[in-house]
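# Secondary and tertiary structure notes
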Amino acid sequence: MFITFEGIDGCGKTTQLKKLADYLTKTGKKVMTIREPGGNKFSESIRELLLDKSNNLSPVTELLLFEAARSHLVETVIKPAISDGVIVLSDRFYDSTTAYQGFGRGLDMDDVIQCNAIATGALKPDITFYLDVPLEVAAQRSGNREKDRIELAGNSFFERVRLGFRELAKMESHRIIQIDATQAAEETFAIILSHLEGRL
Ligand code: T5A
């Protein structure tokens, strides 16, 4: 099974992913957690290039780097783990590309969708939790930590990204569960578990 967590930076997805990983591990399930971009040595190197604010990347270069990191991770880590019966939990997957590079950067949506399909080899998450929070809540949660290259894109960029995620959740409501994540982490987690009941 393949479960992904999505949302704007600071929405709380890493917190929820860790809670679910702990819960599943305690119930005796085999679980793997990964993040995108990253998740193994090669893809983590691409992550560093993508987030380094001294790199002035064009939107297309950015798109292709995310996809290169993803393609390697899918082939070497995600697909083998799913075949072994492991529940894979990923902090972001291709919905982030559609939201950030498609809706946010304004790249041609057909190009983005095609690149996603090539990089994933048509692998889709079984279920995706989109944690919806306003920009102010995400900014407050992120605190004063130094911003990376993508976080420096500004509020109007992140508004487009958020609207993009909301649009995707509407278009693919059978897969993407939109959750109001402004509430306490425990409450959000209870909603996540309720959606997984009977599916694990
Ligand atoms: N990106 C990524 C693209 O542009 N295209 C792509 O295709 C992909 C895959 C990677 C960057 O790359 C971009 C998106 C990103 O800009 P990332 O590693 O996912 O970024 O980094 P962030 O999204 O910035 O992740 P963070 O770990 O910083 O934020 P999270 O995971 O949203 O939030 P989390 O759980 O770490 O929580 C942040 C803080 O809030 C607290 C936590 O304790 C923590 O301090 N918190 C709460 N506080 C109050 N109430 C709650 N309910 C809370 N939940 C968490």
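None of these values were measured; they are calculated from a predicted model. (Residues numbered from 1 in each chain as written. Predicted model: local features only at pLDDT ≥ 70, side-chain atom pairs only at ≥ 80, totals over all residues. Heavy atoms only, no water.)

## Here's the deal with the pattern of salt bridges
Stated precisely, the cut-off is as follows: Salt-bridge detection follows one rule: a side-chain nitrogen of Lys or Arg within 4 Å of a carboxyl oxygen of Asp or Glu. We count a stretch as a helix when DSSP gives it H or I for four or more residues in a row; a strand needs E for two or more, and each element gets its number in order from the N terminus. Relative accessibility under 20% of the residue-type maximum defines a buried residue, over 50% an exposed one, and the middle range a partly exposed one, all with a 1.4 Å probe and only protein chains included.
Tallied over the full model, the rule gives 16 salt bridges. Note that aspartate 9 is salt-bridged to arginine 92, the shortest N-O span being 3.7 Å. On the criterion of sequence distance, the pair formed by aspartate 9 in the loop between strand E1 (2-6) and helix H1 (13-26) and arginine 92 in the loop between strand E3 (87-91) and helix H4 (94-104) is long-range, its members being 83 residues apart. Per residue, the accessibility class of aspartate 9 equals that of arginine 92, and both read buried. Residues lysine 19 and glutamate 186 are paired through a salt bridge, measuring 2.4 Å at the closest nitrogen-oxygen approach. Linking lysine 19 in helix H1 with glutamate 186 in helix H8 (residues 185-196), this pair joins segments that are 167 residues apart in sequence. Lysine 19 sits in the partly exposed class, given a relative accessible area of 22%.

## What about the environment of phenylalanine 165?
Our working definition: Should any heavy atoms of two residues lie within 4.5 Å, those residues are considered in contact.
Its place among the elements puts phenylalanine 165 in helix H7 (residues 155-171). Placed 67 residues apart in sequence, phenylalanine 165 and threonine 98 show a C-alpha to C-alpha distance of 8.2 Å. Setting aside chain neighbours within four positions, we find phenylalanine 165 in contact with Glu6, Gly7, Ile8, Arg92, Asp95, Ser96, Ala99, Tyr100 and Tyr130.

## Quick word on the site of the ligand
Quick note on the threshold: When at least one non-hydrogen atom of a residue lies within 4 Å of a molecule or strand, that residue is treated as near it. Within 3.5 Å is the distance limit for a polar contact, defined as a pair of N or O atoms, with the added protein rule that one can donate a hydrogen and the other accept it, and that residues adjacent in sequence qualify only through two side-chain atoms. We get accessible surface area from the Shrake-Rupley algorithm with a probe of 1.4 Å; when it comes to residues, only the shown protein chains can shield them.
As a structural note, the neighbourhood of the ligand is formed by 26 residues, with Thr14, Thr15, Arg92, Thr97 and Arg145 the closest of them. In the model, an oxygen atom of the ligand is placed 2.6 Å from a nitrogen or oxygen of the arginine 92 side chain. Side-chain polar atom of glutamine 101 to a nitrogen atom of the ligand: 2.8 Å apart, as the coordinates give it. Isolated, the ligand exposes 1,000 Å² of accessible area, and the fraction of that covered by the protein chains is 79%. Contributions of two or more residues to the shell around the ligand are made by H1, helix H2 (41-51), helix H3 (59-83) and H4. Top contributing element to the shell around the ligand by residue count: H4, with four residues.

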